[in-house]
Amino acid sequence: MKRKISILGSTGSIGRQALEVIEKLQDRFEIIALTGGSNTDLLNKQIKKFKPKYAFASDINAIEGAKPMSLEEICSNHENDIILVAVSGKIGLRPTITAIKNGIDIALANKETLVMAGDIVMKLARDNGVNIIPVDSEHCAIHQCIKDIAQVEKLIITASGGPFLHKTVDEMKNATIEQTLAHPRWNMGRKITVDSATLMNKGLEVIEAHHLFGMDYDNIKVVVHPQSIVHSAIEYVDGSVIAQLGLPSMHIPIQYAITYPERYEGIKSKSFSFSEIARLDFEEPNWEKFKALNLAYEAGRKGGSATVCLNAANEEAVFEFLNGQIKLFDIIYAVEKMMSKHNVINNLSIDEIFEIDKEIRTKTKELFQPASV
Ligand code: MG
């Protein structure tokens, strides 16, 4: 039987790679729906090739070859066995919740879902017996390592360190957009690539890991590993460490998440050779240079609206940076400033989460507006 799948965000980096995986596993999958944002040309090409029944785009009138359907409708459609949430940003949150409430498994490539509403999302998943399989390479690695979470003492998340790992603070301060986007190991979207340069991405991943695996922040460690061969590891109560290794490729975690618990050849990575790799390096993160990591731990430990604040301030500041309005370190300044002013609220509803998100975004933008006379 074919597994029926919908992809939210099929025109993005993860979505496109997911379709490459599905193309290799054509006899295993049937695509129910594809959704894109403004790139309707690419979406229509994908529709022509993969023939989903339904599609969504910001301009639904531009969709050709599939029936237009809203994200909410797609996510409550019981034809789906699994939905790959590969949109970036908060737009992923409500559809994911709808899918979970409808008992549809989730392959999750959207960080905001857990960073903004991890408590709500994980509880709903438990209540509805829904699997949330992480696509993020680190969490996917941890998912592959865990046999029984009750016996796991520590999660060890690896970080490549990004383009500024061995640069000085001054070099990083004056980094151009181009230098920031030149990630040494991974080819990703622009926002996440900036987050990888500041290590905010790793911070968000720590928060994700806390929710996905129910692990205390004290027991989630980050280690810098420039080669990105060890995708993450876990330490059991007896001190045994299990790591997942592989050549850096997003195809593998995507494929794992959408085919779980099966494994197929699909897009197989080049056979692994320890002797070719020869060495693996590890080092403690430079907490002074990568303050974002500290801020993320702090937000995570505070819980409630603190991670909503962290995420919103960071995302707005990253947009300002990508628009050439501010410097790289101003992103961290903005997050620090917003966090220090924020009064944490607990037990939020989804609507309240979106309200706080909006408020923080407005305030973050105001930080960088020239003072009016
Ligand atoms: Mg990652």
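Residues numbered from 1 in each chain as written. Predicted model: local features only at pLDDT ≥ 70, side-chain atom pairs only at ≥ 80, totals over all residues. Heavy atoms only, no water.

Chemist: Just to check I follow, could you spell out the pairing of strand β5 (residues 82–85) for this structure?
Modeler: It is a general feature of regular strands that their side chains alternate between the two faces of the sheet. Here β5 shows no split at all, with Ile82 and Leu84 on one side and Ile83 and Val85 on the other all buried. Taken together, the four bridges between strand β1 (residues 3–8) and β5 define a ladder with parallel strand orientation. Bridge pairing in β5 links Ser6 to Ile83. When β5 meets strand β6 (residues 105–108), the two strands line up parallel, connected through four bridges. (Buried < 20%, exposed > 50% of the residue type's maximum accessible area, 1.4 Å probe, protein only. Helix = DSSP H or I, 4+ residues; strand = E, 2+ residues; numbered from the N terminus. Pairing = 2+ DSSP bridges.)

Chemist: It is not clear to me how the coordination of the magnesium ion should be interpreted in this structure. Could you clarify?
Modeler: Asp136 (OD), Glu138 (OE) and Glu205 (OE) make up the full set of protein donors to the magnesium ion, lying at 2.1 to 2.2 Å. Here the donor residues of the magnesium ion are spaced in sequence according to D-x1-E-x66-E. Here Asp136 is found in the loop between β7 (132–134) and α6 (137–145), whereas its partner Glu205 is found in helix α10 (residues 200–213), with 69 residues between them in sequence. Taken as a pair, Asp136 and Glu205 share a single burial class, namely buried. (Donors = N, O, S within 2.8 Å, 3.2 Å for Na, K, Ca; no water.)

Chemist: Hey, could you run me through the environment of Pro184 in this one?
Modeler: By the secondary structure assignment, Pro184 is in the loop between α8 (177–181) and α9 (190–198). Each C-alpha atom of the pair Pro184 and Gly303 lies 32 Å from the other, and the pair is 119 residues apart in sequence. Not counting residues within four places of it along the chain, the set of residues in contact with Pro184 comprises Gly162 and Pro163. (Contact = heavy atoms within 4.5 Å.)

Chemist: Help me out: how do you make sense of the packing of α6 against α10 in this one?
Modeler: Angle between the axes and distance between the axes: these two values describe a pair of packed helices. At a closest axis distance of 10 Å, the pairing of α6 and α10 adopts a crossing angle of 30 degrees. Relative to α10, α6 is oriented so that their crossing is right-handed. In this structure, α6 uses Glu138, His139, Ile142 and His143 to contact α10, whose residues at the interface are Lys202, Glu205, Glu208, Ala209, Leu212 and Phe213. Here the contact of α6 with α10 is built from residues that sort into four nonpolar, two polar and four charged. (Axes fitted to C-alpha atoms, helices over the stretch in contact; angles between N-to-C directions. Left-handed = near helix turned anticlockwise from the far one by under 90°. Nonpolar A, V, L, I, M, F, W, Y, C, P; charged D, E, K, R; others polar.)

Chemist: What exactly am I supposed to notice about the domain arrangement of the protein here?
Modeler: Where the parts come together, the accessible area they lose is often given as the size of the interface. Along its sequence, the protein is organised into domain 1 (3–135), domain 2 (139–248 + 282–288) and domain 3 (303–373). The gap between the C-alpha centroids of domain 1 and domain 2 is 25 Å. Contact with domain 1, which involves 12 residues of that partner, is made by 16 residues of domain 2. Along the contact surface separating domain 1 from domain 2 lie one salt bridge. Where Lys111 meets Glu205, a salt bridge forms, and the shortest distance between an N and an O atom there is 3.4 Å. Between the two partners, domain 1 and domain 2, sit two residue pairs in polar contact (both at pLDDT 80 or more). Only α5 (111–127) and β7 provide two or more residues apiece to the side of domain 1 that touches domain 2. Among the elements that make up the side of domain 1 that touches domain 2, the one with the highest residue count is α5 (seven residues). When grouped by side-chain class, the residues that make up the side of domain 1 that touches domain 2 number seven nonpolar, two polar and three charged. (Domains from an automatic or database assignment. Salt bridge = Lys/Arg side-chain N within 4 Å of Asp/Glu carboxyl O. Polar contact = N/O pair within 3.5 Å; in protein donor to acceptor, adjacent residues only side chain to side chain.)

Chemist: Is there a simple way to think about the packing of α9 against helix α14 (residues 306–322) in this case?
Modeler: Axis separation between α9 and α14 bottoms out at 10 Å; the angle between their running directions is 100 degrees. Taken together, the axes of α9 and α14 lie roughly perpendicular to each other. Residue-level contacts link Arg190, Lys191, Val194 and Asp195 of α9 to Asn314, Glu315, Val318, Phe319, Phe321 and Leu322 of α14. (Parallel < 35°, antiparallel > 145°, perpendicular 65-115°, else oblique.)

Chemist: How do you make sense of the side chain of Asn314 when you look at a structure like this?
Modeler: Relative to the helices and strands, Asn314 resides in helix α14. Among residues more than four places away in sequence, those in contact with Asn314 are Lys191, Asp195, Met200, Ile331 and Val335.

Chemist: It is not clear to me how the sheet that holds strand β8 (residues 152–159) should be interpreted in this structure. Could you clarify?
Modeler: Two strands in a sheet stick together by hydrogen bonds in their backbones, pointing the same way (parallel) or opposite ways (antiparallel). Taken in spatial order, the four strands make up an open sheet running β9-β8-β10-β11, and their pairing is mixed. Lying at the two open borders of the sheet, with one neighbouring strand each, are β9 (220–224) and β11 (241–245). Between one strand axis and the next, the sheet turns through 20 degrees on average, direction left out of account. Taken together, the five bridges between strand β10 (residues 230–236) and β11 define a ladder with antiparallel strand orientation.

Chemist: What's the story with the packing of aromatic side chains in this structure? I'm lost.
Modeler: Describing an aromatic ring pair means giving the distance of the ring centres and the angle of the ring planes. In this structure the tally under the stated criterion is four aromatic pairs. Consider the rings of Tyr217 and Tyr297, whose centres lie 6.4 Å apart with planes at 70 degrees: the pair is edge-to-face. You can see Tyr217 sitting in the loop between α10 and β9 and its partner Tyr297 sitting in helix α13 (residues 291–302), a full 80 residues away along the chain. The pair formed by Tyr217 and Tyr297 is uniform in burial state, with each residue classed as buried. On the basis of an interplanar angle of 50 degrees and a centroid distance of 5.6 Å, the ring pair of Tyr256 and Tyr260 is categorised as tilted. According to the relative accessible area criterion, Tyr256 is buried, its value standing at 8%. In textbook terms, an aromatic cluster arises when at least three aromatic residues are bridged by ring pairs, as seen for Tyr217, Trp287 and Tyr297. (Phe/Tyr/Trp six-rings, centres within 6.5 Å; stacked < 30°, edge-to-face > 60°.)

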